[in-house]
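A structural walkthrough
Now for the letters of each chain:
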Amino acid sequence: MEDKSANAGTEVPAPAAAEAPAPSHLEKQEQHQNAQEQPQQPPQPTQQQSTQRQPPQEQVAPTKSTPQRRPQVTPRDRFNHQSLGVSLNSNVKQARVLMVGAGGIGCELLKNLVLTGFGEIHVVDLDTIDLSNLNRQFLFGHEHIKKSKALVAKDAAQKFNPNVRIVAHHANIKDAQFSVSWFRGFRVVFNALDNLEARRHVNRMCLAADVPLVESGTTGFNGQVQVIKKGVTACYDCTPKEAPKSFPVCTIRSTPSQPIHCIVWAKSYLLNEIFGTSEDQAVFDHSEDAENASEIEELRRESQALKKIREAVGTPEFPRMLFDKVFNADIERLRSVEDMWKSRRAPEPLKYETLMDQAKDATAAKSSVLANDQNVWSLEESLVVFNDSLERLSKRLLELKNAKEESAPEPVITFDKDDQDTLDFVASSANIRSTIFGIDRKSRFDIKQMAGNIIPAIATTNAIVAGLCVLQAFKVLKGEYSEAKEVFLTPFAPARLLAPDRSREPNAACPVCGVFNTAVTVDPSRTTLHDLVDGLLRKHLGFSEKDFVLNNEVGILYDPDETDNLPKKLVELGIGDGSFLTVIDEDDEDAWVNVVISVEEGSFGEDESPFQSSSAEHPEIPRKPKKAAPAETNGAADQNGDDAVEEVGAPKGVKRTRPDDDGGQPLKKARMAESAGDDIVVIEDAGGAIVIGDD
């Protein structure tokens, strides 16, 4: 199945059939025939002679003396025509598609889409290019660092096929400009994201717009591609995602409480600032966070100070300068924020000279300290290893700089669990920081396991997954959703590299796709909440005999006991273009599924209705699935004599979502402000693995 179009998007010419010459040979043959036969053609008759001699409705079949010229096509389009077929190739050339994310998967996917000849491609990405992206995001080069990923990717990919129209948006896909009506303008949407919330947002928008979505993702060597079509296949949220452990960036930098916090700080922040690329953006998910803006800005200032310390690499003062900065001055600054330590132990800054005086015995025993992986180093032993690793790393970096060619980029040293120098630096730095914050120290052996179990972004995985996305998109364009597969890339599985499975059916209890979607056009400055509750919900959608609750992203707008908002205009409630409203039927016996209304802005005359619905009057809204009656128990661990069966896919210790849950919307009034999410570092639950996002 997957091999049928495996070469789509490349420019290697397909072998010609035996009975027909190759296209290039055929064109030469036609040109030769035209050159020979043109002089022998008789003069053209006049219009009167032509009318007399030829039947008016009769068409003369082409002969050898009047060869037909084939339309000129590019070699790439000829190959796509041969490999995809006339109909599919035509659909591809006319398709208007959206790709969200221009990172690891996005770069490979955009290249594939352009080479395949998709007619119009929109690319949305808010991120800028970082040095750490260049080893796997091949549309970018050193000259593009700090520039927009979307804009640079457009310029680079356009060279592959100038006939394709590429539109780049350096913006957040959650911005109001990317509304449901905007999503409706696309034939297919491709997700190339690594951010959970953004993926859920695109999933929701595609369901509301009824546009097919090709969802994809990678984790190290593993990958997955899934086709999502409302009412046909399961959506991204149909199965609960195991929530990864997440730590705010300010926890890592300011208030660590676990050894892993200090290890991540040493490896992904300190090592990179001194010997690698400044600020490893691949680890930290910097989302918009107004509350932490000042803290993030302070951290950037710290980064600038560390860059000055880098200039002292290799000098005798270098270890003291670095120690005083990160283990004394920075800690004193944190202690000055008194409110931060009201409910937790304040960190204790360290002085380099004092600790060095205490470390005389450890310095004398340096060889034995370095030789033993299993021992947990004392604070003094950690300082000895810290200084020794800095000396080794400084020497390596200076040698790399001396050997560097003038045009080559600045050399860097990156972490490798099998690199003793970087491992010693991370282990000693993490243990010193753990002591400062009153956290248990770990042995180098333990730290190697925790810091080394990092899941990197792999270029080959991105390329394979991007190719699978295009293959699944072909089935979407042909409307063959029954042939679409959920494909898993599992290189270490015993069976095979690619494991395709049939698409899962929608989960009727899914709070995202198990809803009734509709849209309403309003004038927020004129339309009131009463207009929607009474005119749209009760009269138009048929909720007149029901008790219901109306929510938006912030909280409750209306319920039978909360009517204060009814006379307010929608603009006063923060409802406008791109907003979503959710109607929850509170009938316990025969409840309808939740109704999700996407709001679009428009204008109406004074004598017109203040809203316009996209659905017919009194539409058929599905009923919620009946809850299964609990089985009678005899008070023992088994049910009706049979062993209890645990629900498949339900993670242990995790509260299951109620079937009538509306997606976790807070039960608070709409007057409350929406809080922004914190910046996070994602830590997998199993084994403390750090997932490096490929943004």
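Residues numbered from 1 in each chain as written. Predicted model: local features only at pLDDT ≥ 70, side-chain atom pairs only at ≥ 80, totals over all residues. Heavy atoms only, no water.

A few words on the pairing of strand β1 (residues 96–100). Taken across its five residues, β1 has four buried, putting it largely inside the fold. Relative to strand β2 (residues 120–124), β1 runs parallel, the two sharing five bridges. When the bridges of β2 are listed, Arg 96 appears paired with Glu 120. Following the backbone out of β1, through helix α5 (residues 104–116) and into the adjacent parallel β2, one traces a crossover that is right-handed. As paired strands, β1 and strand β4 (residues 188–191) are joined by four bridges and run parallel to one another. (Buried < 20%, exposed > 50% of the residue type's maximum accessible area, 1.4 Å probe, protein only. Helix = DSSP H or I, 4+ residues; strand = E, 2+ residues; numbered from the N terminus. Pairing = 2+ DSSP bridges. Right-handed = clockwise from strand over helix to strand, strands pointing away.)

Another aspect to go through is the sheet that holds strand β12 (residues 516–522). Spatial ordering of the open sheet is given by β14-β13-β15-β16-β12-β17, a layout of six strands whose pairing is mixed. A strand with exactly one partner marks an edge of an open sheet, and here the two such strands are β14 (556–558) and β17 (611–613). Along the sheet, successive strands turn relative to each other by an average axial angle of 30°, direction set aside. The strands that helix α8 (residues 196–209) touches are β12, β15 (580–585) and β16 (595–601); relative to β15, the one it contacts most, it runs at about 75°. (Axes fitted to C-alpha atoms, helices over the stretch in contact; angles between N-to-C directions. Contact = heavy atoms within 4.5 Å.)

Once that is clear, we can look at the confidence of the model for the chain. Here the chain shows a mean pLDDT of 79. Residues at 70 or above account for 74%. Here residues 1–61 is modelled with pLDDT under 50, and outside its nearest four sequence neighbours on either side it reaches 51 contacts, counting other chains as well. Overall, residues 279–291 carries pLDDT values under 50, and its contacts beyond four positions in sequence, including any with other chains, amount to 44 contacts. (pLDDT = per-residue confidence, 0-100.)

Moving on, we get to the pairing of strand β10 (residues 485–489). Relative to β10, strand β6 (residues 222–228) is paired through three bridges, and the arrangement is antiparallel. Its bridge partner lying in β10, Gly 223 is registered against Leu 489. The pairing of β10 with strand β11 (residues 498–502) spans five bridges and is classified as antiparallel. Each bridged residue has a counterpart across the sheet, and for Val 487 the counterpart in β11 is Pro 500.

Another aspect to go through is unusual backbone geometry. In this structure, Lys 146 takes a positive phi of about 75° despite not being glycine. Within the secondary structure, Lys 146 is located in the loop between β2 and α6 (149–158). Judged by relative accessible area, which is 58%, Lys 146 ranks as exposed. Here Asp 210, not a glycine, exhibits a phi torsion of approximately 55°, which is positive.

Spatial strand order, β3-β2-β1-β4-β5-β6-β10-β11: eight strands in an open sheet with mixed pairing. Every other strand in the sheet has two partners, leaving β3 (165–169) and β11 as the edge strands with one partner each. Between one strand axis and the next, the sheet turns by 15° as a mean value, whatever way the strands run. Lying on the sheet, α5 is in contact with β1, β2, β3, β4 and β5 (213–219); it crosses β1 at an angle near 165°. Each of β2 and β3 is contacted by α6, which is oriented at about 165° to β3, the strand it contacts most.

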